[in-house]
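Coordinate analysis (summary)
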Amino acid sequence: MEKSIESELSQKDEIIDKIKLFIRAGSAKRSEQATEFEKWMALSRTVVERMATNWQDTRTTYSTMRQAHYFSAEFLVGRSLVNNLVNLGMFEDAKAAISEMGGSLAEIEEQENDAALGNGGLGRLAACFLDSCATLNLPVTGYGIMYRFGLFRQEIEYGFQKEYPDTWKEKGYPWLIRRDELRVKIHYDDLDVFATPSDLPITGYGTNNVNTLRLWRAEPAQEFDFNLFNSQRFDAAVIERNRVNDIWRVLYPNDTTYEGKVLRIRQQYFFVSASLQDIVREHKAFHGDTLGNFAQFHSVQLNDTHPAIGIPELMRILTQENNMDWDQAWLITKNTFAYTNHTILSEALEKWDIGIFQYLFKDLYHIIERINDQFRSEMSSLGLAQDKIDMLSPIGEGKVRMAWLAIYGSYSINGVAKLHTQILESHTLNAWYKIWPSKFSNKTNGVTPRRWLRTCNPELSALLTQLLGNDKWITNLEELKKLQHLESDPAVMEKFMAIKQVKKQQLVDFIYKTEGIKLDPNSLFDIQIKRLHEYKRQLLNALSILDLYFDIKDSPDKPRVMRSFIFGAKAAPGYFRAKGIIKLINEIVNLVNNDPIASKLMKVVFVHNYNVSSAEILFPAADVSEQISTAGLEASGTGNMKFMLNGAVTHGTYDGANVEIVEAVGWDNAFIFGERVENFPAIRGYYNPRWQYENIPGLKRAVDALVDGTLNDQGAGMFQDIFNSLLYGTIVQEADVYYILGDFADYRNSRKILDQAYLDRMGFARKCWINICSSGVFSSDRTIMEYANDLWKITSAKI
Ligand code: 26Q
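Each value, and the rule that gives it
Residues numbered from 1 in each chain as written. Predicted model: local features only at pLDDT ≥ 70, side-chain atom pairs only at ≥ 80, totals over all residues. Heavy atoms only, no water. Helix = DSSP H or I, 4+ residues; strand = E, 2+ residues; numbered from the N terminus. Contact = heavy atoms within 4.5 Å. Near = heavy atom within 4 Å. Polar contact = N/O pair within 3.5 Å; in protein donor to acceptor, adjacent residues only side chain to side chain. Areas by Shrake-Rupley, 256 points an atom, 1.4 Å probe, with all protein chains shown as cover. Core = buried A, V, L, I, M, F, W, Y, C linked by side-chain atoms within 4.5 Å. Buried < 20%, exposed > 50% of the residue type's maximum accessible area, 1.4 Å probe, protein only. Pairing = 2+ DSSP bridges. Disulfide = S-S within 2.5 Å. Phe/Tyr/Trp six-rings, centres within 6.5 Å; stacked < 30°, edge-to-face > 60°. Right-handed = clockwise from strand over helix to strand, strands pointing away. Axes fitted to C-alpha atoms, helices over the stretch in contact; angles between N-to-C directions. Parallel < 35°, antiparallel > 145°, perpendicular 65-115°, else oblique. Nonpolar A, V, L, I, M, F, W, Y, C, P; charged D, E, K, R; others polar. Lys, Arg positive; Asp, Glu negative; His and termini not counted. Salt bridge = Lys/Arg side-chain N within 4 Å of Asp/Glu carboxyl O.

Side note on the environment of Arg-217
Here Arg-217 shows up in strand 10 (residues 210-220). Separated by 72 residues in the primary sequence, Arg-217 and Ile-145 place their C-alpha atoms 6.5 Å from one another. Not counting residues within four places of it along the chain, the set of residues in contact with Arg-217 comprises Met-146, Arg-178, Phe-194, Ala-195, Thr-196, Trp-248 and Phe-270.

In structure tokens form, the structure reads like this:
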């Protein structure tokens, strides 16, 4: 859209006026005296003010339509300012406004803390989905918890991970708007609390619609007890408040391993009950005082089993608070919920002791028992054997099995990549698949091209827009296919390589600032950024780096590709081995970077406190994306897609969405190695990692470095533990369950092939380019259209 200079001037001037106004009102200062933080606050308020009426109008428009509600214990949103400026078409004017006021938008941007209300993939997926829903004008609301502290801040001290509280909104956070008028009561058997929502606006790209992420906080249901207070028992009065504040105090920092903590299920029930009450209240306000038509108007997507307690809670609301009969309520409940599975690791499946349920909410537990009885009699009448029914029923072995409950209580079950869904259908959830095959489907994950290309890589975005003659790719990523033929245009490839160089230089500067390590932007940037987990195999990468180090020491004059290996990862605070791997990587950093010979040919960096904001700098700078999970264990992965979008090639196993990435780019444009999932059952029978350790040249030397004094964990016992995990089984776990030594040789070999490919500068650029142009299918817009059309049956509405 062409704008006249006149109107651009006026939008800029208007922004300046608003910033000054909000600085005066919020900080009682002249703008010249404002701190950078105060300027960030004022500019953010300017953006909120700009979208306020559109936001209200969007809610009104959606209220009478069929809607979907995305229930998730995690939303890893990241920063909002620049994302919103870009979405609303205000970026250039805001930048000009700030610079006219003598500041820099880039500096102001740095004032914003990430909203890190999530652990990793599952939480970030929820945030990408909200972005797509808003951009597509879909009536979808996110519901979650407003954690006071998000995912911990990671520091590295003497190579060890240390965790600190993430105080993201202690100084004020302008994007969240409290809605006191919408508070609801939550009842536990031992405690009553209020839930008060705060709304976060979700803007879409190039639309006036503004969607909502509604986050709940807990507040005392009783007035502060002044009797206790006045009788000098101040502590007792305050302790009650702490039990309330505990509910929303902190995000549980575990991903993939399940922990049965009372507080965790308290959190889950808290936000799920509040959200359902909210939806029911609005339903009655717009559809009359009836819930018989509830499922016609609402679909609730359960982001894993974390909100699955919504199934008995809706039953409670319908039967006990609204006097509906059980059978009708069950039909409505089953037609309301849809469940997404994000993992096949059995240790990650939530199974809560029935004792916890009986203690916290007896009533709800009785409802779960009735659901359980109903399931058992239904299965009996289908002719299932008793022992089979025992295995499948929602209650069993003294536990409530949340996944089994979610499957029975919903109309849809989906996996997050083709391979993942296949494994669910044929193995993990096969028994249910056989009973209800039509409830199952695949919805391959995606990522939003707004944050993960347009906003984090404006340089590449400008080139794509210039080549296409328009910016339609921002909302229709498939458009990029039209640029694929330019792989044979050397001038375009040169421009692309120049941009990659710029992004690498920006990362070099960032790493120098944060880690004090100087990388060479002409080296190959090989990046692995994701949560630290054994199945993701950062250890395989680390061992291969050690092997390369020793090889350089042996033959320093061999010609080689200069490499920079970059890691970023947080480990769950209680996951000893994962923390050991972080320590190991940091010791390799010291060993390699301090070696006068090796450091000329390779560097290793561990970027501390990996989060959404640093991800936005890391993805665009990569040449190689490491996606090396043990085949069959990574449900999808989404980082793999963000690398692809920014023109890095995948170095990965045939796992999760990597399978579909290869399908999209072709085998010549990805580097796939390692054992396939279908071969593991046979391999498990005879695999003995000791064979690899003793027979694969160089492997013993790399593994021994853990314990022979080459690397030092300061007596923490971490490296010995890792060493043992590779070579010695225990009663509970076989040796090298993740097949690290098994895949080592092939991994090292494919690294060599990659090096060769990188030496052909133009050839490598072409591969990267084809990755960009083939990334259309991995837009979360595609994913969300599939959810909307196949599962939610909702249509868009523009305000
Ligand atoms: C459960 C119970 C108690 C405490 C914590 C948890 C918990 C919390 C988070 C369990 C799992 C998670 C997160 C899982 C996750 O992020 N899974 C990833 O989801 C992505 C989006 O679908 C996939 O791309 C990844 O493959 C998958 O690992």
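Let's talk about the site of the ligand
Near the ligand, the surroundings consist of 20 residues, among which Leu-122, His-342, Asn-445, Glu-634 and Gly-637 are the closest. Between the ligand and Tyr-535 there is a distance of 3.2 Å, counted from an oxygen atom to a side-chain nitrogen or oxygen. Glu-634 has a polar side-chain atom sitting 2.6 Å from an oxygen atom of the ligand. Relative to its unbound accessible area of 620 Å², the ligand is 96% covered by the protein chains. Element by element, the count of residues in the shell around the ligand is highest for helix 6 (residues 121-135), at three residues.

Quick word on the nonpolar core
Grouped together as the largest cluster of nonpolar side chains are 266 residues, with contacts concentrated most on Phe-270, Phe-357, Trp-432, Leu-543, Leu-741, Trp-769 and Trp-792. Contacts of Trp-792, omitting those with residues within four sequence positions, involve Arg-66, Ala-68, Tyr-70, Cys-133, Val-140, Ser-299, Gln-301, Tyr-411, Ile-784 and Tyr-787.

Thoughts on the environment of Gly-666
When you line up the elements, Gly-666 lands in the loop between helix 26 (658-665) and strand 23 (671-672). The class of Gly-666 is partly exposed, set by a relative accessible area of 25%. Separated by 101 residues in the primary sequence, Gly-666 and Lys-767 place their C-alpha atoms 9.8 Å from one another.

A word on the sheet that holds strand 13 (residues 351-353)
Read from one edge of the open sheet, three strands run 13-15-14, paired in antiparallel fashion. Edge positions in the open sheet fall to strand 13 and strand 14 (395-396), since each of these has one partner strand only. Across three bridges, strand 13 lies against strand 15 (residues 399-401) in antiparallel orientation. Each residue of the ladder has a partner; that of Asp-353, found in strand 15, is Lys-399.

Section: the state of the cysteines
Considering all chains together, one arrives at zero disulfides under this definition. Its sulfur unpaired, Cys-128 is 11 Å from the next cysteine sulfur, which belongs to Cys-456. With no disulfide partner, Cys-768 has as its closest neighbouring cysteine sulfur the one in Cys-773, 11 Å distant.

A few points about the side chain of Ser-410
Residue placement: Ser-410 occurs in the loop between helix 16 (402-408) and strand 16 (412-415). With residues up to four places along the chain from it excluded, the contact list for Ser-410 reads Lys-334, Phe-337, Ala-338, Tyr-339 and Lys-439.

Topic: the packing of aromatic side chains
As enumerated under the stated definition, the model contains 28 aromatic pairs in all. Look at Trp-168 and Tyr-173: their rings are 4.8 Å apart centre to centre, the planes differ by 70 degrees, and that puts the pair in the edge-to-face class. Taking relative accessible area as the criterion, Trp-168 reaches 3% and is therefore assigned buried. For Tyr-173, a relative accessible area of 10% translates into the label buried. Ring plane angle 25 degrees and centroid distance 6.1 Å describe the contact between Tyr-408 and Trp-436, whose orientation is recorded as stacked. Residue Tyr-408 is found in helix 16, and its partner Trp-436 is found in the loop between helix 18 (430-435) and strand 17 (440-442); the two are separated by 28 residues along the sequence.

Structural notes on the pairing of strand 18 (residues 524-529)
Burial analysis of strand 18 places six of its six residues in the buried class, which makes it a mostly covered element. Here six bridges tie strand 18 to strand 19 (residues 563-568), and the two strands are oriented parallel to one another. If you follow Ile-527 over to strand 19, its bridge partner there is Ile-566. Taking the sense of rotation as the criterion, the β-α-β connection linking strand 18, helix 22 (residues 538-554) and strand 19 turns out right-handed. In the sheet, strand 18 pairs with strand 21 (residues 624-627) via two bridges, with the strands oriented parallel. Each bridged residue has a counterpart across the sheet, and for Ile-527 the counterpart in strand 21 is Ser-625.

Some words on the packing of helix 8 (residues 234-249) against helix 9 (residues 262-287)
Packed helix pairs are characterised by how far apart their axes lie and by the angle those axes make with each other. Orientation of helix 8 relative to helix 9, taken along the N-to-C sense of each, is 80 degrees, at an axis distance of 9 Å. Taken together, the axis directions place helix 8 and helix 9 in an arrangement best described as roughly perpendicular. Every residue of helix 9 that contacts helix 8 at Arg-243, Asp-246 and Ile-247 is listed here: Leu-263, Arg-266, Gln-267 and Phe-270. Looking at side-chain class alone, the contact of helix 8 with helix 9 contains three nonpolar, one polar and three charged residues.

Looking at helix 11 (residues 310-321)
Counting buried positions over the twelve residues of helix 11 gives ten, a clear majority of the element. Considered for burial, the residues of helix 11 that qualify are Gly-310, Ile-311, Pro-312, Glu-313, Leu-314, Met-315, Arg-316, Ile-317, Leu-318 and Thr-319.

Here we look at the side chain of Asp-736
With respect to the helices and strands, the residue Asp-736 is situated in the loop between helix 30 (718-727) and helix 31 (740-759). Here Asp-736 sits buried without a salt bridge, and the closest side chain of opposite charge, Arg-537, lies 6.8 Å off (N-O distance). One polar contact links the side chain of Asp-736 to the main-chain amide nitrogen of Ile-740, over a distance of 2.9 Å. Look past the residues within four positions of Asp-736 in its chain and what remains in contact with it is Arg-684, Tyr-687, Pro-689, Ser-725, Leu-726, Leu-741 and Gly-742.

Any functional reading would require information beyond the geometric quantities listed.
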